[in-house]
Amino acid sequence: MTIERIDLAFEVNNTDHHTLQNSADRLIVRRGQPFTITLHLRPGTHFQNGDNINFIAQTGPIPSVEAQTKAKFSLSRFISRSSWSATAEMSDSTVSLTVCSHPNAPIGVYKLILDQGEAIGLGEFVLLFNPWCKQDPVYLASEAEREEYVLSQDGLIYRGIPKRITVLPWTFGQFEPGILDICLQILDESPNYISDAALDCSERRNPVYVTRVLSAMINSLGDKGVLVGNWSDDYEDGVKPTVWKDSCSILRQWSNDGCRAVRYGQCWVFAAVACTVSRALGIPCRVVTNYGSARDSNGDLVMERFYNEFDENIADDSIWNFHVWVENWMTRPDLSLGYEGWQASDPTPQHRSEGVFCCGPAPVRAIKEGELTYKYDVPFVYAEVNADVVEYIKLRDGRVFKMGGSTTEVGKSISTKAVGRDEREDITHNYKYPEGSEEERRVYEKANHHNKLAQAGEEPGLHIKIKVTPDMQIGSDFDVYAELKNNTMVTKSCRVMFYAQAVSYNGKLGETCGLGNCLILFYVSGSRVTLRLEYAEYSKAITQDRMIKLLALLIDAETRDFYRAKKTIILDGPEIIILGVPKVGQNLVADLALQNPLPEPLENCVFTIHGANLTDGKPITHEVGTVGPKEFVTAKVQFTPNLPGQRKILIDFASDKLHNVETYENLVIYE
């Protein structure tokens, strides 16, 4: 096979991937979403669609399958949105090749290679985070919010004081020519990349990691970052921060000057540039202003203001009239469920986090609830919005007297631009309970308690926690873990009992499908017990709910104290793939496909579709019989809508061993 020409279909693909504003002469796509390119073959040659057609997609200087910076995949019958995959359609001397990336693949510049014994380069593309993909951790359900927090190139930044809030229009310009390359260059200039490029490129699959790198790289303290901060009122050798009105000028100057930091910025400039870079890379982002923003220098959650006899503040703690940071939208699989969503990140260099001048991402909900042990930097941001204020006067003879204080001065009128409107949205309620309320004081006391524990060390005692892996699909064997931690000062002898038991949705317990029992001697550190769950065992116990309850008991052999951890897991079922549902016409056909994930056949397999005004008021079934292990099954199910409008068609798959496998598709039916 000889390829004469390759058409990467920049305009079509970039339009589908919401990147056309970036460029029409370069392929820029988003994770977990297919794109199609065309191979034009030399006349007389043919594309052999077989097992020897393989592809490689790789990024970074040291691509590696283990690090997920290199993916090897072959042609398949259907596109998978949960892994790298490719399909091909042939006609005459052209091949239409559709490729889809893993929804958690590292972002960056990729090379796509056709491997048929010899490597043939098919071209380069840039892969970005995808807020339109449900499997991507940055998925944002609202189209209006995606327009505002990903696609909008301008916005409003709030300054001033609560009683006189002023508005600064700002051009983010994330799709301006050359800006995306500069944003990727920022990642490549980070100390993380310079010290270990392979690891850094691998970690770029995680928006938490990328956000943290950006928080450090937007300021120039300790690295080759973008902006120098200056609050001295002396800007003779640079640009006064109030002069800047857009991010692109700053980013281009940084890049054109050999990554030399731009002089000067203050908090709103740091935040605006961080917003530009986040949106350019595909992470939803908004700029947030906090009025009465505390800077807690010693981490005690109290703003101690010391004045001399001339009313001059002589303390390290300070309260800014306003301070500006950003929020990024993402899931937090590293934290408990419920702390996904908006994460506060502050690129202004005020605070060292793990030795680096960065801050966040801190879950906004954790800030509100006073969960100071959650990553990253929740205590610092909590103090910015909710620290108590105590005032003292220090006399010339050294004596100190308390003058007063306030529990309501810090954290007022926290503001961001409203979605789709040039208006201010007050989001103070996201960060704190109403001032003076019982909830606000309760959270403050809890935060203060957590803070003291954190400063003194972790919570004392023995701890046990159950950890699971994300790959728990029915039909597979997998491990679950009981993680043990000894936060005492002595060696502990303990017994661990680890159970797995089938459970129904109503809590009714079934048969045991896994059991571990061991004696452990461990020091002031941690240990892990592994329980292997095998399909051959759990398949005989689980119900159609596919639920397994895990219970781990840690027993101190000396004190006979018991510690318990429990978790209910749901095994993933296979994905129903809707190959295509026409949206216009009378006789419509749903093309359905599903892969059997089990190592054994499925019997009595049935697809069922139903929907209001679509299937004549009753379900339509399609029997497909037996499906072999790991095999695909397909079905064409015909139906006739009887009313126009927005409709939802529901699809269900059932068999003797798999039940409740469901999906849906939204349709628009025209007259």
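Owing to the predicted nature of the structure, the values given are computational and were not obtained by experimental measurement.

1. Quick notes on the overall build of the protein chain
The secondary structure content of the protein chain amounts to 13 helices and 38 strands. In terms of C-alpha radius of gyration, the protein chain reaches 29 Å, essentially the compact-globule figure of 26 Å for 671 residues. Overall, the protein chain is about 95 × 70 × 55 Å in size when its C-alpha atoms are taken along their principal axes. In the protein chain, which comprises 671 residues, the proportion classed as buried is 51%.

2. A short note on the sheet that holds strand β25 (residues 462–468)
Pairing is antiparallel in the open sheet, where 3 strands are placed in the order β25-β26-β29. A strand with exactly one partner marks an edge of an open sheet, and here the two such strands are β25 and β29 (526–533). Between one strand axis and the next, the sheet turns by 20 degrees as a mean value, whatever way the strands run. Pairing analysis gives 7 bridges linking β25 to strand β26 (residues 478–486), with the strands arranged antiparallel. Directly across from Val 468, in β26, lies its bridge partner Val 480.

3. What about the packing of aromatic side chains?
Taken as a whole, this structure holds 18 aromatic pairs when the rule is applied. Between Trp 231 and Phe 270, the ring centres sit 6.4 Å apart and the planes meet at 15 degrees, which makes this aromatic pair stacked. Of this pair, Trp 231 sits in the loop between β12 (227–229) and α7 (248–256) while Phe 270 sits in helix α8 (residues 267–281), and the two are 39 residues apart along the sequence. Judged by centre distance (6.2 Å) and plane angle (45 degrees), the rings of Trp 231 and Trp 320 are tilted. Remark: Trp 320 occurs in strand β16 (residues 318–330) and Trp 231 occurs in the loop between β12 and α7; sequence separation between them is 89 residues.

4. Regarding the side chain of Thr 211
Within the secondary structure, Thr 211 sits in helix α6 (residues 207–217). Here Thr 211 falls in the buried class, since its relative accessible area comes to 2%. At 2.8 Å, the side chain of Thr 211 and the backbone oxygen of Pro 207 are in polar contact. Apart from residues no more than four positions distant in its own chain, Thr 211 is found in contact with Ile 283, Asn 328, Met 330, Ser 345 and Pro 361.

5. Structural notes on the pattern of salt bridges
As a working rule, side chains carrying opposite charge can pair if their charged atoms are close by. This model, assessed by the stated rule, comprises 26 salt bridges. A salt bridge links Asp 181 to Arg 26, with the shortest nitrogen-to-oxygen separation between them at 2.7 Å. Placement of the pair is Asp 181 in helix α3 (residues 179–188) and Arg 26 in the loop between α1 (10–16) and β2 (28–30), with a sequence separation of 155 residues. Owing to a relative accessible area of 27%, Arg 26 belongs among the partly exposed residues under this scheme. A salt bridge links Glu 189 to Lys 224, with the shortest nitrogen-to-oxygen separation between them at 3.2 Å. Of this pair, Glu 189 sits in the loop between α3 and α4 (191–195) while Lys 224 sits in the loop between α6 and β12, and the two are 35 residues apart along the sequence. We classify Lys 224 as partly exposed; its relative accessible area is 39%. Here the residues in one salt-bridge network are Glu 148, Lys 417 and Asp 422, joined through shared partners.

6. Section: the pairing of strand β37 (residues 645–654)
For strand β34 (residues 602–610) and β37, the ladder comprises 5 bridges, and the chain directions are antiparallel. Within the sheet, the bridge partner assigned to Thr 608 lies in β37 and is Asp 652. Bridge count for β37 against strand β38 (residues 661–669) is 9 bridges, and the pairing is antiparallel. Within β38, the residue paired with Phe 653 across the bridge is Val 661. Between β37 and β38, which pair antiparallel and follow one another directly, the connecting turn spans 6 residues, one of which, Asn 660, has a positive phi of 55 degrees.

7. Quick word on empty space enclosed by the protein
Inspection of the entire model under this criterion finds 2 cavities of 30 Å³ or more. Roughly 70 Å³ of volume is contained in the largest cavity. The wall of the largest cavity is formed by Glu 148, Tyr 149, Asp 154, Gly 155, Leu 156, Phe 172, Arg 279, Arg 286, Val 287, Thr 416 and Lys 417. Only α2 (143–151), β10 (154–161), β14 (285–295) and β23 (412–417) provide two or more residues apiece to the lining of the largest cavity. In terms of residue count, β10 provides more of the lining of the largest cavity than any other element does, 3 residues in total. Tallied by class, residues from the lining of the largest cavity come to 4 nonpolar, 2 polar and 5 charged. Quantified by volume, the second largest cavity comes out at close to 40 Å³. As for the second largest cavity, its lining consists of Thr 211, Leu 214, Ser 215, Ala 274, Ser 278, Val 326, Asn 328 and Ser 345. Elements with a contribution of two residues or more to the lining of the second largest cavity: α6, α8 and β16. Across the lining of the second largest cavity, the residue classes tally to 3 nonpolar, 5 polar and no charged.

8. Digging into the UniProt feature "active site" (unreviewed entry) in the protein chain
Under the UniProt annotation, "active site" (unreviewed entry) lies at Cys 267, His 323 and Asp 346. Separation in sequence by 80 residues is not matched in space for these annotated residues, since their most distant C-alpha atoms are only 9.7 Å apart. With respect to the secondary-structure elements, Cys 267 resides in helix α8. A residue is classified by how much of its surface remains accessible, and Cys 267, at 3% relative accessible area, is buried. If we skip the residues at most four places from it in the chain, Cys 267 touches Trp 231, Trp 320, Phe 322, His 323, Val 324 and Thr 348. Within the element layout of this structure, Asp 346 appears in the loop between β17 (341–345) and β18 (352–353). Sequence-distant contacts of Asp 346, defined by excluding residues within four places in its chain, comprise Ser 215, His 323, Val 324, Trp 325, Cys 358, Cys 359 and Glu 384.

9. Some words on the layout of surface pockets
Looking at the second largest pocket, its volume works out to about 350 Å³. Lining the second largest pocket are 22 residues; nearest its centre among them are Asn 192, Arg 212, Ala 216, Val 356 and Cys 358. At the level of elements, α4, α6, β18 and β19 (356–357) are the ones that each hand at least two residues to the lining of the second largest pocket. It is α6 that contributes the most residues to the lining of the second largest pocket, 6 residues altogether. The residue makeup of the lining of the second largest pocket, split by class, is 11 nonpolar, 6 polar and 5 charged.

10. As for the packing of α3 against α7
Axis separation between α3 and α7 bottoms out at 10 Å; the angle between their running directions is 60 degrees. In this view, α3 runs oblique relative to α7, as classed from their interaxial angle. Remark: the crossing between α3 and α7 carries left-handed chirality. Along the contact surface, α3 presents Ile 179, Ile 182, Gln 185 and Ile 186, while α7 presents Cys 248, Leu 251, Arg 252, Trp 254 and Ser 255. Of the residues that constitute the contact of α3 with α7, the class distribution is 6 nonpolar, 2 polar and 1 charged.

About the criteria used
- Residues numbered from 1 in each chain as written.
- Predicted model: local features only at pLDDT ≥ 70, side-chain atom pairs only at ≥ 80, totals over all residues.
- Heavy atoms only, no water.
- Helix = DSSP H or I, 4+ residues; strand = E, 2+ residues; numbered from the N terminus.
- Rg over C-alpha atoms; globule rule 2.2 N^0.38 Å.
- Buried < 20%, exposed > 50% of the residue type's maximum accessible area, 1.4 Å probe, protein only.
- Pairing = 2+ DSSP bridges.
- Axes fitted to C-alpha atoms, helices over the stretch in contact; angles between N-to-C directions.
- Phe/Tyr/Trp six-rings, centres within 6.5 Å; stacked < 30°, edge-to-face > 60°.
- Polar contact = N/O pair within 3.5 Å; in protein donor to acceptor, adjacent residues only side chain to side chain.
- Contact = heavy atoms within 4.5 Å.
- Salt bridge = Lys/Arg side-chain N within 4 Å of Asp/Glu carboxyl O.
- 1 Å grid on protein atoms, 1.4 Å probe; cavity = no way out; pocket = protein on both sides within 12 Å on 5 of 7 lines; lining within 4 Å.
- Points joined across faces, edges and corners; volume = space filled by probe spheres on them.
- Nonpolar A, V, L, I, M, F, W, Y, C, P; charged D, E, K, R; others polar.
- UniProt positions renumbered as here; feature names shortened; annotations may be inferred.
- Parallel < 35°, antiparallel > 145°, perpendicular 65-115°, else oblique.
- Left-handed = near helix turned anticlockwise from the far one by under 90°.

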